[in-house]
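# A structural walkthrough
Here's the letter readout for the chains.
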Amino acid sequence: MKTSNFIQAIIAEDLNTGKHDGRVHTRFPPEPNGYLHIGHAKSICLNFGLAAEHPGGLCNLRFDDTNPTKEEAEYVDAITEDVRWLGFDWEDRLFYASDYFDQLYRWAVQLIEAGKAYVCDLSAEQIRQYRGTLTEPGRNGPYRDRSVEENLKLFEQMRDGKFPDGSRVLRAKIDMASPNLNMRDPVMYRILRATHHRTGDRWCIYPMYDFTHGQSDSIERITHSICTLEFENHRPLYDWYLDALDIYHPQQIEFARLNLTYTMMSKRRLLELVEEGHVAGWDDPRLPTVCGLRRRGYTPESIRNFCARIGVAKFDGVIDIALLEHCVREDLNRHSPRVMAVLRPLKVIIDNYPEDLVEELDAINNPEDPIAGTRKVPFSRVLYIERDDFREDPPKKFFRLALGREVRLRYGYYITCVDVVKDEHGEVIELHCTYDPATRGGDSPDGRKVKGTIHWVSAAAAVEADVRLYDHLFIKENPDEAEEGLDFKANLNPGSLDTLSSCRVEPSLAGAEPGSRYQFERNGYFCVDPDSSAEKLVFNRTVALRDSWAKIEKARK
């Protein structure tokens, strides 16, 4: 098998040696305490992709739902929707760690009986004090040598709700002098009276993530447990639990998590932005959440392509967000219909065009897709063009419209500006032009050339719309680089959203469905927002036309 990353190489070697009986079985195990982001998408693509590369390969979707105070059914529903939208299917293999609570409890009892776990009465602060530091070993606590019988009785009483929350924990008995802090008698169970989204109030003790994760992998017969690098120091504990219980032992493999410029990837901090109202919700198009990217107009194909391009590494790095934008731009360029839309309208009156005439001009739907065909766009005496396409005092190399200058209207005619109308504040509110009837379609029979081509919409037929222009949520490549005394929120970009009202789009967009994607010629790629209605269209800009990543790649070559 061809391998392109170190995880594929490990799997290939395992298949060659017959390890795991030639099986490849992975899992994607999110905690349902928030919405997925682009970093999770990388893990989804990796786990489902590794399984799909091999005949008979399987990938489970499992929710590691061990903390009822932070987990909600809302997050479960959102995560399943996101994974499906990205194009992956777990078939009948949807699992929850909470499905295994009974078995996990029995395994905890087994470790107590083997003298490898004990009930500890120390407070959380005392546990930290006894644990030691990175340079100093920990100390055995006063409850470490309780008898098996006492530990069994106390753990049963913990389960039966005989003690207050936080008053006791069950800890693994490993090595308080271990150089790895995770091995210094980690907590396995804590007392926590909270209603679980699936088990209700059946339990008042809940297993810790580290005690749950490996055993859940074991129950599901996972072969390769793929985790991000922050779990590398937890791997000895993962292995210790499985070996101490003498149960099926999957292999944990760590890879570098995704870090993007101008992007916050901490789920906790994303929650902070949502709860404090800095964004409009988890699906705000400025967030890197999968639902936010979907609402902004990203396609699942573009995200999968991005995850494939960045590869899988052993060491952390930072990816330029321009590559993500390049991937969606590349996909939308191939598949999005072209339309004309004027975001900041300026009225143009063609003085010598008949007042009652409306022509239907042919416009190309997508030059990248020959079978996309053409559409008709109405042309009339009164048009709208972009305000930025006119200058009273044009600078050098400005080839668009100016007084006395001739330009081409896309799919239409050559027009020449002959007069400018201003309001009482001196602002240009209207242009008067003439057109050359012989230039229909954009070419002149006499061979004269114009340097500028601008887009337009017919004033009478145009549909009014709101357009939301999104920029990076943060002004710094690394949002955590804040001045002393400030946090990452000091780097929020005040210009991350610019909402334009009274934009004009061509009539073919009337009734466009939410989620529909288009290229607004010369403006960028846009998506119909769920807020859109029959009365008012609302578009989100997915990405501008300019491709900074392509320029970066060209410069490198």
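In this report, the structure presented in the accompanying data block is examined. (Residues numbered from 1 in each chain as written. Predicted model: local features only at pLDDT ≥ 70, side-chain atom pairs only at ≥ 80, totals over all residues. Heavy atoms only, no water.)

### With respect to the sheet that holds strand β5 (residues 169-172)
Reading across from one edge, β4-β5-β6-β7 is the order of the 4 strands in this open sheet, with antiparallel pairing throughout. Across the chains shown, the open sheet's two edge strands, defined by having one partner strand only, are β4 (117-120) and β7 (205-207). Here the strands of the sheet are splayed against their neighbours by 20° on average, with no regard to which way each runs. Sheet topology places β4 next to β5; 4 bridges connect them, and they run antiparallel. Bridging across to β5, C120 finds its partner in V169. With respect to the sheet, helix α4 (residues 101-113) is in contact with β4, β5, β6 (187-191) and β7, its orientation differing from that of β6 by roughly 120°. On the sheet, helix α6 (residues 148-159) packs against β4, β5, β6 and β7 and is oriented at approximately 60° with respect to β4. (Pairing = 2+ DSSP bridges. Helix = DSSP H or I, 4+ residues; strand = E, 2+ residues; numbered from the N terminus. Axes fitted to C-alpha atoms, helices over the stretch in contact; angles between N-to-C directions. Contact = heavy atoms within 4.5 Å.)

### Focus: the layout of surface pockets
Taken as a whole, the largest pocket spans an internal volume of roughly 1100 Å³. Lining the largest pocket are 36 residues, with E31, H40, E230, F231 and K267 positioned closest to its centre. Those elements that provide at least two residues to the lining of the largest pocket are β1 (25-28), α2 (38-52), α7 (209-219), β8 (224-228) and α9 (267-275). Across the lining of the largest pocket, the residue classes tally to 14 nonpolar, 12 polar and 10 charged. Volume-wise, the second largest pocket comes out at about 380 Å³. Along its surface, the second largest pocket is lined by 19 residues, and I127, R131, P186, V187 and M208 are the ones closest to its centre. Of all the secondary structure elements, the ones that give two or more residues to the lining of the second largest pocket are α5 (124-131), β6, α7 and α8 (235-245). The element best represented in the lining of the second largest pocket is α5, accounting for 4 residues. A per-class count over the lining of the second largest pocket returns 12 nonpolar, 3 polar and 4 charged. (1 Å grid on protein atoms, 1.4 Å probe; cavity = no way out; pocket = protein on both sides within 12 Å on 5 of 7 lines; lining within 4 Å. Points joined across faces, edges and corners; volume = space filled by probe spheres on them. Nonpolar A, V, L, I, M, F, W, Y, C, P; charged D, E, K, R; others polar.)

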